[in-house]
Amino acid sequence: MKNHFLINKQGAWIILFAMVLTISSCTGEKKQVINFPATDLAMENMIPKPTKIIPTNSAFGLDQFTAIYTSQSESGFNEVAEFLSDKIQGKTGLNLPVNQSDAGTVDRVIYINKTDSTEVAGSEGYQLYITKDSIILNARSSEGAFRGIQTLRQIIPEVSNDTLAEQPIWPIPTGKISDNPNFEYRASMLDVARHFFSVEDVKKYIDLLAYYKINVLHLHLTDDQGWRIEIKSWPKLTEIGGSTEVGGESGGFYTQEDYKDIVAYAAKHYMTIIPEVDMPGHTNAASVSYPILNGNGKTPELYEGTHVGFSTFDTRKDTVYAFIDDVVREISEITPGPYFHIGGDESHVTKKNDYIYFVQKVEKIVQKYGKRMIGWDEVAQANLDGSSVVHFWNSEENANKAVEKGMKVILSPATKAYLDMEYDTLSKFGLHWAAYIPVDTAYIWTPESFAKGVPQESILGVEAPLWSETISNIDELEYLAFPRMIGYSELSWSTEENRNWDNFKVRLANQAPFLDRMDVKYYASPKIDWKESKYSYKEISKD
Ligand code: ACM
């Protein structure tokens, strides 16, 4: 290691302050010397795997005499430190002070430092320098700091060592980690239309995703079976269109206040919410609410089944575009993220010319409200702006059209990345029209070269969509999403050289204590040698 700490001038005096504090706290009382057994940072169960790890084979003793400090110059760092302190308390019971000058006895510090160094790559990159006395986390932004503290959370042991000193200590292996993401877009999608999921359910999903450095949650807000977001200028969408769901249970919807609550919670986790209003197909719930929108020539009725492809808006009616303008405006006003997803998939009863006309008009509406349009891969048939994004799920031909137009592509190949596909023939939930996707199949593929004709430069990132035809509550959601979602996090964050199934599956096995602590009802796949899991394979598969 060239220099012990990589810090800028602003940070330097604060680190000095922290060091002085450390030393001064020890003047009265002799600082404890703790002899840690050798521990190897490279053997820790971090997911996604960081870009570079250099172990130094000692340990930092996290204990009640540890305090957290941050750069004060940059907004957001204090909140990231508070988040870390809160999570450390949840895991260890320790209550670490944040930026307190009178923190009492402080033997060791965690310092979250804003750096301008080009050694830290991009806004999400970070470095962790862990020595016996201090943990320095360097990041260029609070977003990078937030990603970095997830790594730190992962290397704090689940149980303390109570023999090294009088107080319980959680030894953290020393060394240096340099890390930054391979793809800027690392996402999951949740279909809240086929079955509705509460704000609390969505927040729990965000908690879990953020721990694995996922930074986008795409919400599929509307479909044939339900309209789930309040539109103040068209209130029947939720009054009527939100009243049911697949299977005939009462549905539900997010008020705009609920949606803002989700968006704010996501923002606290440095996660972008992408709203999707699927159109011109998948619009039965909208057309039942306002039959003037309907273009399939039939009288729409509430639908509780799972067929697709039977609905369409009337793409040649001005009222339809006035409606879409209101919907995009109202949702965009409460969506700080840069994207608006217009769906566009499986419009089987929309004539091709009408479909293309529609998508091109809707792209302009999305742009009018300052957003970048995303559409499922069928939209690539239209003549679209290079700034719009194509979401590949099924057709490589469409993905290629997008690349030719200079558009970015999101990868969600149904055969590899659909979280609603069954693990195997014994799966309790899910479908298998695209494939069975066991835990290894979900991980063993190469996004960088998966779609022929889609080079890495054209790939915005990877998304794992969770469609909800077969799941209706958080336990069932967790069964399909976990553990596969953990693999998608590594596929989208870590470089190809750093991904290896045999190595990953050991780190995955060691996620069991975290998943159990979070009360996640994951599928304990028999392909993984789970550590101390609450679940057995028998309990979680079909009889
Ligand atoms: C899709 O699965 N219809 C995008």
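Draft legend 1. Broad picture of the overall build of the chain. Counting its regular elements, the chain contains 16 helices and 16 strands. For 543 residues, the compact-globule estimate of 2.2 N^0.38 gives 24 Å, and the C-alpha radius of gyration of the chain, at 25 Å, lies within 12% of that figure. Along the first, second and third principal axes, the C-alpha set of the chain runs to 85 × 55 × 45 Å. Here the chain holds 543 residues, and 61% of them are scored as buried. The long-range share in the chain, meaning contacts at least 24 apart out of those at least 6 apart in sequence, stands at 72%. Carbon and sulfur atoms make up 50% of the accessible area of the chain, which totals about 20,400 Å². For the chain, the distance from the average site of its 53 positive side-chain charges to the average site of its 74 negative ones is 4 Å.

Draft legend 2. Broad picture of the side chain of N215. Locating N215 in the fold gives a position in the loop between α4 (199–211) and β8 (216–220). On the basis of relative accessible area, N215 is assigned to the buried category, the value being 6%. Not counting residues within four places of it along the chain, the set of residues in contact with N215 comprises E124, R147, E184, Y185, R186, Y270, M271 and T272.

Draft legend 3. Molecular detail of the layout of surface pockets. There is about 470 Å³ of room inside the largest pocket. Along its surface, the largest pocket is lined by 22 residues, and E44, N45, I156, P157 and E158 are the ones closest to its centre. Within the residue set of the lining of the largest pocket, elements represented by two or more residues are α3 (142–155), β6 (170–179) and α16 (512–517). Its residues assigned to classes, the lining of the largest pocket shows 10 nonpolar, 6 polar and 6 charged. Empty space within the second largest pocket amounts to approximately 330 Å³. As for the second largest pocket, its lining consists of 19 residues, and the residues nearest its centre are N215, Y270, M271, T272 and P338. Going through the elements one at a time, α3, α6 (256–268) and β11 (272–276) are the ones with two or more residues in the lining of the second largest pocket. When grouped by side-chain class, the residues that make up the lining of the second largest pocket number 11 nonpolar, 4 polar and 4 charged.

Parameters and conventions
- Residues numbered from 1 in each chain as written.
- Predicted model: local features only at pLDDT ≥ 70, side-chain atom pairs only at ≥ 80, totals over all residues.
- Heavy atoms only, no water.
- Helix = DSSP H or I, 4+ residues; strand = E, 2+ residues; numbered from the N terminus.
- Rg over C-alpha atoms; globule rule 2.2 N^0.38 Å.
- Buried < 20%, exposed > 50% of the residue type's maximum accessible area, 1.4 Å probe, protein only.
- Contact = heavy atoms within 4.5 Å.
- Areas by Shrake-Rupley, 256 points an atom, 1.4 Å probe, with all protein chains shown as cover.
- Lys, Arg positive; Asp, Glu negative; His and termini not counted.
- Charge placed at Lys NZ, Arg CZ, Asp CG, Glu CD.
- 1 Å grid on protein atoms, 1.4 Å probe; cavity = no way out; pocket = protein on both sides within 12 Å on 5 of 7 lines; lining within 4 Å.
- Points joined across faces, edges and corners; volume = space filled by probe spheres on them.
- Nonpolar A, V, L, I, M, F, W, Y, C, P; charged D, E, K, R; others polar.

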